[in-house]
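Structural features, examined
Now for the letters of each chain:
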Amino acid sequence: MAGPGAGGDRSPRETNFLDHLNSQAAVVDAVRARAEETAGQPDRCLAWMGVERQAERYLRESRASGGAARRLQRFEAELDAHREGMESAVTDARKEIDAVDAATRDAARRRLGLRIAVVGKGGSGKTMISATLGRILARQGRKILAADLDTCPGLAISLGLGMGMGMGEGEGEGEEATGVPMSVEEHAGAAYGWRLASGVTPEQAVDRHAAIAPDGVRFLSLGKIDEPEKQAAKQTVVAMRQILNGFGEPDWDVLGDMEAGPTTPFEHYHSFADRVIVVVGPAWRSGLTARRLLPMVNDVPTVVVANRFRDEPDHEGLEPVLRIPYDSEVAAAERLGVAPIDYCPDAAAVKAVEQLAGLFLPQEVSL
Ligand SMILES: Nc1ncnc2c1ncn2[C@@H]1O[C@H](COP(=O)(O)OP(=O)(O)O)[C@@H](O)[C@H]1O
Ligand SMILES: [Mg+2]
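The residue numbering used here restarts from 1 in each chain and proceeds along that chain's sequence as written. Each chain takes a letter, starting from A, and each ligand takes a number, starting from 1, following the order in which they are written. The predicted origin of the model limits local features to residues at a pLDDT of at least 70 and limits the giving and counting of side-chain atom pairs to 80 or more, whereas totals for whole chains, interfaces and linings rest on all residues. To obtain the side-chain values, all non-hydrogen atoms of the structure were used and water was disregarded.

**Concerning the pattern of salt bridges**
In the sections that follow, a salt bridge refers to a side-chain nitrogen of Lys or Arg positioned within 4 Å of a carboxyl oxygen of Asp or Glu. Here the structure, examined in full by the defined rule, presents 23 salt bridges. In this structure, R83 and D80 form a salt bridge, with 3.6 Å as the shortest nitrogen-oxygen distance. Remark: D80 and R83 occur in helix α4 (residues 76-98); sequence separation between them is three residues, near one turn of the helix. Taking relative accessible area as the criterion, R83 reaches 24% and is therefore assigned partly exposed. Its salt-bridge partner being E319, residue R323 comes within 4.0 Å of it at the nearest N-O pair. Here's how the labels work: a residue is buried when its accessible area is under 20% of the maximum for its type, exposed when over 50%, partly exposed in between, all with a 1.4 Å probe on protein chains only. The class for R323 is partly exposed, based on a relative accessible area of 46%. E319 sits in the exposed class, given a relative accessible area of 60%. Within the structure, one salt-bridge network assembled from shared partners comprises D43, R111, K143 and D251. Elements are defined by DSSP. Helices are runs of H or I of four residues or more, strands are runs of E of two residues or more, and each kind is numbered from the N terminus.

**Some points on helix α2 (residues 44-64)**
Helix span is expected to be 1.5 Å times the residue number reduced by one. Across its 21 residues, α2 extends 30 Å between first and last C-alpha, which sits within 8% of the 30 Å expected from 1.5 Å per residue. When you tally the buried positions in α2, you get 17 out of 21 residues, the bulk of the element.

**Some words on the site of ligand 1**
Any residue with a heavy atom positioned within 4 Å of a molecule or strand is treated as near that molecule or strand. Neighbouring ligand 1 are 18 residues; G123, K126, T127, M128 and D327 lie closest to it. Take G125: an N or O atom from its main chain is 3.0 Å from an oxygen atom of ligand 1. Taking T127, its side chain carries an N or O atom lying 2.7 Å from an oxygen atom of ligand 1. Protein coverage of the free-state accessible area of ligand 1, which is 550 Å², stands at 85%. When contributions to the shell around ligand 1 are tallied by element, the ones reaching two or more residues are α6 (126-139), β9 (302-309), β10 (322-325) and α12 (328-336). Under this definition, polar contacts are N or O atom pairs within 3.5 Å; protein pairs additionally need one hydrogen-donor-capable and one acceptor-capable atom, and for neighbouring residues in sequence, both atoms have to be side-chain atoms. Only the protein chains shown count as covering a residue, and every accessible area follows the Shrake-Rupley method with a 1.4 Å probe.

Below you can see the structure in the form of structure tokens.
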């Protein structure tokens, strides 16, 4: 029987699927090779935690997209081999992690980067929270990659990059102001017809295309999204997902400011994340959206954060871990196009996001 390796007769979609599996395997091989190089070094445990997390993420993604993959039936064997490879990476990583003493392990766990997706209804405060959280974590000495996955962008401004950034202009060093600010290649089998250029690793893409925001936060966006048809966003969204899913730096925090509405969570755009923040505002519809979103993202731990509340009661069944109050200074920062943390660092809402950062850091609680 002609297996998928027999070549020649694959559809673009099938080629893309196999390439996708191969690029995931390459990512795990790379983080693993780095971990193996750390023999005897203090970062060894952290590096293996990075391997464990990376392989687990791809296993999760494989489970989530299992139905779709199985429709490409003839790749059952490739899928099994892929899963086995990921499982053995997890097993090997756990062996290394268990071999160190508890204090070393705890220290590594604290340094392991957070991977957080922020979802919720439009206007609930996803962008304010993502940006402020990113800046706060960066000030605590953490390395931050903040990604705007919303085709109605705003994260650049809330991070303090000013107007005009995040629209595909002036991103990265030496990047031309026109053209898609991402290393992408056309492929008929990829969603929207484009994917991350072959041979470009997620880390290289971040290096090349992320703008540098205040406090050293690295910022990635979907490109020139203000243009008609959102052409650039279509060309970059698959690459963005590949970058976030495959970004193997073990000690970097990755924050994704997600698009409002149910489409992207339904398609598991949060798959890069280990945790999801569901932001809910006081409006009834915001509660409704949060309730719809929760079951779509609960393959990872979720927390509800209430934002912009004055004295309205919590939504029933949506107990927040934290309440960020309505704060007129935050709203004013937005009108001026500046970052809340720069405009009103002592505002109650900014202080509340500091508490949120504390909740996520592993030394506080495990969510
Ligand atoms: N705690 C808050 N108090 C007052 N205004 C807020 C607060 N959080 C967000 N805002 C404002 O509400 C609007 C929507 O917030 P934003 O973060 O852009 O939401 P989203 O990204 O979910 O669409 C913005 O104008 C923002 O400045
Ligand atoms: Mg937003």
